[in-house]
Amino acid sequence: MNIGIVYATCAFFCWGLFPLYFHAIGEVPAMEILAHRMLWSLLFLGLVLTARQQWKWLPKVLRNPRVLASFVASALLLTANWFVYIWSVNNGHVIDSSLGYFINPLVNVLLGLLVLKEKLRRGQWIAIGVATSGVLWLTWSAGQVPWIALILGFTFGGYGLLRKTAALAALEGLSLETMLLFPLALVYVVWLTWHGHNTFINTPYDSTRWLLAAAGPITAIPLVMFAAGARKIPMSVLGLLQYLSPTMQALLGVWVFNESFPPARLVGFAIIWSALALYVAEGLWAGQRAK
């Protein structure tokens, strides 16, 4: 169990530092970063699968249209999540993006109710209600819907739902998703190169090239650590650790990127944090009661 906590903590810690990585390559447009993330991730994952001699699953999957369709859907959701997150970080919305991952666990509960027909306990209903009031407060105080947070929360929630019912484990599933996205990414990068807009080639900074190439391991390694940790620790512990990433991202937004955090936004975040605390406490209480 201890090594599982280490794996999961490392994964969430890496995700919490992602704003620093994307800000370091802020000169690269979000769509181009996304394309490079797909290309280099497939290269890295291919090397890992080859080293582990773990390709036997692929022919069976390619002969199963239903599995392929589910991973096309999850790949599209993951792409939308990545793009909005990269764009938000590079355009000064780190705090808004962190809010998306704060509300994601509650989105998961809601999707479980609507899609998987799971039953919600009274405490979970209250937590969702409190979180909804927090989102409504942020909408009213800002004069606009917090669309970045909502898109990130629901796209990652939908992705998690599809992966929960998927036929492949984390490593194989991510590899298949990147294989499906690879042709689009390659065509886009070739198009950029043809028109002289490929930042990887045109940038005068070698550091930018190395950081773009590092997108592969930076994407894949936390996912692998997360999968390894999730198998070794209870879901209640995993749920508590999950809030490490958005907390780090919000702190980076305030302390490193000097984003505005007025009292009205603080109130909205406090309401949502209260909903999360209620959700976690209710889950721990229900677990102890079941024992």
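Residues numbered from 1 in each chain as written. Predicted model: local features only at pLDDT ≥ 70, side-chain atom pairs only at ≥ 80, totals over all residues. Heavy atoms only, no water.

Here, the residues flagged by UniProt with the feature "domain: EamA" (unreviewed entry) are residues 3-139. For residues 3-139, the end-to-end C-alpha separation is 41 Å, with 83% helix and 0% strand making up the annotated structure. (UniProt positions renumbered as here; feature names shortened; annotations may be inferred. Helix = DSSP H or I, 4+ residues; strand = E, 2+ residues; numbered from the N terminus.)

The final tally for this structure, using the stated rule, is 17 aromatic pairs. Between tyrosine 21 and phenylalanine 22, the ring centres sit 5.1 Å apart and the planes meet at 65 degrees, which makes this aromatic pair edge-to-face. Phenylalanine 22 matches tyrosine 21 in its accessibility class, with the two residues each being buried. For the ring pair phenylalanine 261 and phenylalanine 269, a centre distance of 5.3 Å and an interplane angle of 75 degrees mean the geometry is edge-to-face. Here the aromatic residues Phe18, Tyr21, Phe22, Tyr85, Tyr101, Phe156 and Tyr159 are joined through ring pairs into a cluster of three or more. The ring of tryptophan 82 has arginine 37 sitting right over it, with the charged end atom 4.1 Å from the ring centre. (Phe/Tyr/Trp six-rings, centres within 6.5 Å; stacked < 30°, edge-to-face > 60°. Buried < 20%, exposed > 50% of the residue type's maximum accessible area, 1.4 Å probe, protein only. Lys NZ or Arg CZ within 6 Å of the ring centre and 35° of its normal.)

This brings us to unusual backbone geometry. The bulk of non-glycine residues show a negative phi, and the bulk of peptide bonds are trans. Notably, glutamine 53 is not glycine yet its phi reads approximately 50 degrees, a positive angle. With respect to the helices, strands and loops of the structure, glutamine 53 is situated in the loop between helix H3 (30-51) and helix H4 (57-62). Here glutamine 53 falls in the exposed class, since its relative accessible area comes to 69%. Positive phi values are uncommon outside glycine, yet asparagine 258 reaches one of about 55 degrees. Looking at where asparagine 258 falls in the secondary structure, it is placed in the loop between helix H14 (244-255) and helix H15 (263-290). Judged by relative accessible area, asparagine 258 falls into the exposed class, the value being 63%.

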